[in-house]
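What the coordinates show
The lines below spell out each chain.
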Amino acid sequence: MNHIDIEIGGKKRTLRFGIKVIGDCIKHNNNDPQEFMVSLAQNPFDSLPLLFYYGLKYNVERSGGTPDFDLFKVTEWLEEEGLQGEMVDEVTRRFMRSLYENVPVIKELIDVQ
């Protein structure tokens, strides 16, 4: 599952995961995928607001809408929620799970010589 419905900013919202969201987070911090994944553990104060912002933003935009929030507002919502709150913990678990569940696996490597 590449999304989760959460209550944040005073209403129910859908946060999506996927390559677009990860790409936006990486581009925002000008780092590579491995650095972003390390930052989730080592500096969640920076990386979690990005994950939430770009995940929420992607869901709104893919539906043709315009977000009613920005990165600063999402960061404020997370400060109110607390980074160790139940909702943040569940989003983090779902995001990590989305990285390896339902991902196509190459069953055979083809030798192209």
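Here goes a summary of the coordinates provided.

The rules behind the values
- Residues numbered from 1 in each chain as written.
- Predicted model: local features only at pLDDT ≥ 70, side-chain atom pairs only at ≥ 80, totals over all residues.
- Heavy atoms only, no water.
- Buried < 20%, exposed > 50% of the residue type's maximum accessible area, 1.4 Å probe, protein only.
- Helix = DSSP H or I, 4+ residues; strand = E, 2+ residues; numbered from the N terminus.
- Contact = heavy atoms within 4.5 Å.
- Phe/Tyr/Trp six-rings, centres within 6.5 Å; stacked < 30°, edge-to-face > 60°.
- Core = buried A, V, L, I, M, F, W, Y, C linked by side-chain atoms within 4.5 Å.

**A short note on helix α1 (residues 19-29)**
Of the positions making up α1, those classed as buried are Val21, Ile22, Asp24, Cys25 and Ile26. Where α1 is buried, its residues meet β2 (11-16), α2 (33-42), α3 (44-62) and α5 (86-98). Following α1 by one or two positions, Asn30 has its phi on the positive side, about 50°.

**Observations regarding the packing of aromatic side chains**
Tallied over the full model, the rule gives four aromatic pairs. Their ring planes at 65° and their centres at 4.9 Å tell us that Tyr53 and Tyr54 sit as a pair that is edge-to-face. Just as Tyr53 is buried, Tyr54 falls in that class too. Here the aromatic rings of Tyr53 and Phe69 are separated by 6.1 Å at their centres, their planes lie at 90°, and the arrangement is edge-to-face.

**Overview of the nonpolar core**
By size, the foremost hydrophobic cluster in this structure holds 27 residues, and its most contacted members are Ile6, Ile8, Leu15, Phe52, Leu56, Val74 and Val91. Mapped onto this core, the elements with two or more residues apiece are β1 (3-8), α1, α2, α3, α4 (71-81) and α5. If you tally residues by element for this core, the top one is α3, at seven residues. The residues contacting Ile6, other than those within four sequence positions of it, are Lys11, Lys12, Arg13, Leu15, Phe52, Leu56, Met87 and Val91.

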